[in-house]
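Structure assessment
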Amino acid sequence: NTVNRTPANTLAYEAPNPFDIRATAFPGRYTTVQVRLDDKTLKWVPGSNVQFDEDNFTSINYDPLILAIRGHISDYIAFDLTNVPSGERPVVESTGNPAEKVLFSGDGIAISEGLGSSSVFELLDPVVIKSGTISEGPVINGKKALNSYKLDETDPSLSIKTALVGIWRNSTEVISATDTVSMVAFPNSDDNNRQTLVLFKQNSAGKISGMWHGYVDYDATDTTKGVFKLFPIGTLTTGETTGQEVNGTVSNITRANGAVKRADWDATGTLPLNFSFPATGAFSVVR
């Protein structure tokens, strides 16, 4: 039998102190603050009601570098890889198949295969969680709901629990790629001088046929320049980047209220043989 020990319209327990949170809100984006609870942190003790171990809560939830619970950008932009040669795509670990989508948020990177209950969604960065699903939003009263993903983790009792849920959008809904080759950058939730870079090309049908990824570092002293690195998209899961690294410089940076909006890029040095892109171009920042 279940006994309700909490009267209606009341809280079972309210922590005595507020907690420090570091989260940034971006227009049109989703920011999530995720917390962990376990039976050592919050438990029912007969005769003592609910007991909360604040020290344990902060230990498992606070980022030791900032002494706060860190929020993260949780909506992802998905790029369709099904027209990229299989040997150039990252491999989904649980199936051994080439990924059909790669997803970027600015804080995280994920890959997926399929859609719906039988799909696979694997988070690769900033932490590795390789048990999830990805779905398209249902149509409700004639309007399509947002696409979603769900990540699962195993708790100490070996039960599967939902660890994180969020939404995703197709890149074609967010990015207007007017050229055959395009590059975009994604800021992270700290909105600092490092951003995720995605370089991709499209075939005559407008489908992505090749992709490299990496990051750009803007110079903290000279705000007119920066540097970048790129790697084949397949290295997301192999980690084998030897001889497959493209380095370059960033210039002609356009800013608004201090935030980078666009810039030019130029690859330097000897380019890898498998780099089938121009050596120069421009990119925009997805905000």
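Since the structure is predicted, the reported quantities are computational estimates derived from the model, not experimental observations.

1. Some thoughts on the packing of aromatic side chains
For the structure on display, the rule yields 12 aromatic pairs. With a centroid separation of 6.2 Å and an interplanar angle of 15°, the aromatic rings of Phe-104 and Phe-186 are classed as stacked. Pair noted here: Phe-104 is in strand 8 (residues 101-104) and Phe-186 is in strand 16 (residues 181-187), with a separation of 82 residues, a long-range link. When sorted by exposure, Phe-104 lands in the same class as Phe-186, which is buried. Among the aromatic residues, ring-to-ring pairing joins Phe-79, Phe-104, Phe-186 and Phe-200 into one connected group. It is Lys-201 that lies over the ring of Phe-277; its NZ or CZ is 5.3 Å from the centre. The ring of Tyr-218 is capped by Arg-255, whose NZ or CZ atom sits 5.9 Å from the centre of that ring.

2. Comments concerning the pairing of strand 19 (residues 226-232)
One face of the sheet, then the other: side chains in a regular strand alternate in exactly this way. By the criterion of burial, strand 19 is predominantly enclosed, with five of the seven residues buried. Taken together, the seven bridges between strand 18 (residues 208-218) and strand 19 define a ladder with antiparallel strand orientation. The partner of Gly-214 across the bridge, within strand 19, is Leu-230. Sheet topology places strand 19 next to strand 20 (residues 246-256); five bridges connect them, and they run antiparallel. Its bridge partner lying in strand 20, Leu-230 is registered against Val-246.

3. Examining the pattern of salt bridges
Counting across every chain of the model gives 11 salt bridges. Between Asp-191 and Arg-287 there is a salt bridge; the shortest N-O distance is 2.9 Å. Note that Asp-191 is positioned in the loop between strand 16 and strand 17 (194-202) and Arg-287 in the segment after strand 22 (280-285), a separation of 96 residues in sequence. Look at Arg-287 and you get partly exposed, because its relative accessible area is 37%. Asp-264 is the salt-bridge partner of Arg-262, the closest N and O atoms lying 2.8 Å from each other. The exposure class assigned to Arg-262 is partly exposed, which follows from its relative accessible area of 29%. Through salt bridges that share partners, Arg-22, Asp-63, Arg-70 and Asp-190 make up one connected network.

4. What to know about the sheet that holds strand 17
With respect to topology, seven strands assemble into a closed barrel ordered 16-17-18-19-20-21-22, the strand pairing being mixed. Neighbour-to-neighbour, the strand axes of the sheet open up by a mean angle of 30°, direction not taken into account. In terms of strand pairing, strand 16 meets strand 17 through seven bridges, oriented antiparallel. Residue pairing for strand 17: Pro-187 is matched across the bridge by Gln-195.

5. A look at a nonpolar patch on the surface
Together, Tyr-13, Leu-37 and Leu-42 line one region of the surface with nonpolar side chains, adding up to about 270 Å² of accessible area. In this structure, Leu-42 sits in strand 3 (residues 42-45). Assessed through its relative accessible area of 36%, Leu-42 is described here as partly exposed.

6. Notes on the environment of Ser-117
Structurally, Ser-117 can be placed in the loop between strand 9 (109-113) and strand 10 (120-125). The class for Ser-117 is exposed, based on a relative accessible area of 79%. Sequence separation between Ser-117 and Thr-133 is 16 residues; the distance between their C-alpha atoms is 6.5 Å.

7. A word on the nonpolar core
Counting 22 residues, the largest nonpolar core has Phe-79, Val-102, Phe-104, Val-184, Phe-186, Val-198 and Met-211 as the members making the most contacts within it. Of all the secondary-structure elements, those providing two or more residues to this core are strand 7 (76-80), strand 8, strand 9, strand 10, strand 16, strand 17 and strand 18. With residues near it in sequence (within four places) discarded, Val-184 still touches Phe-79, Ile-175, Thr-196, Leu-197, Val-198, Phe-283, Ser-284 and Val-286. Ala-185, Trp-212, Trp-265 and Val-285 belong to the second largest nonpolar core, which has 20 residues in total.

8. A word on the confidence of the model for the protein chain
For the protein chain, the mean per-residue pLDDT works out to 90, and 94% of the residues sit at or above 70. The least confident element of the protein chain, judged by mean pLDDT, is strand 4 (residues 49-52) at 80; the most confident is strand 8 at 98.

9. A few points about the environment of Phe-283
Structurally, Phe-283 is set in strand 22. For Phe-283 and His-213, which are 70 residues apart along the polypeptide, the C-alpha to C-alpha distance reads 13 Å. If we skip the residues at most four places from it in the chain, Phe-283 touches Met-183, Val-184, Ala-185, Leu-197, Tyr-218, Val-250, Lys-261, Arg-262, Ala-263, Asp-264 and Trp-265.

What counts as what
Residues numbered from 1 in each chain as written. Predicted model: local features only at pLDDT ≥ 70, side-chain atom pairs only at ≥ 80, totals over all residues. Heavy atoms only, no water. Phe/Tyr/Trp six-rings, centres within 6.5 Å; stacked < 30°, edge-to-face > 60°. Helix = DSSP H or I, 4+ residues; strand = E, 2+ residues; numbered from the N terminus. Buried < 20%, exposed > 50% of the residue type's maximum accessible area, 1.4 Å probe, protein only. Lys NZ or Arg CZ within 6 Å of the ring centre and 35° of its normal. Pairing = 2+ DSSP bridges. Salt bridge = Lys/Arg side-chain N within 4 Å of Asp/Glu carboxyl O. Axes fitted to C-alpha atoms, helices over the stretch in contact; angles between N-to-C directions. Patch = residues over 30% accessible without salt bridge, like charges linked within 9 Å, V, L, I, M, F, W, Y side chains within 5 Å. Areas by Shrake-Rupley, 256 points an atom, 1.4 Å probe, with all protein chains shown as cover. Core = buried A, V, L, I, M, F, W, Y, C linked by side-chain atoms within 4.5 Å. Contact = heavy atoms within 4.5 Å. pLDDT = per-residue confidence, 0-100.

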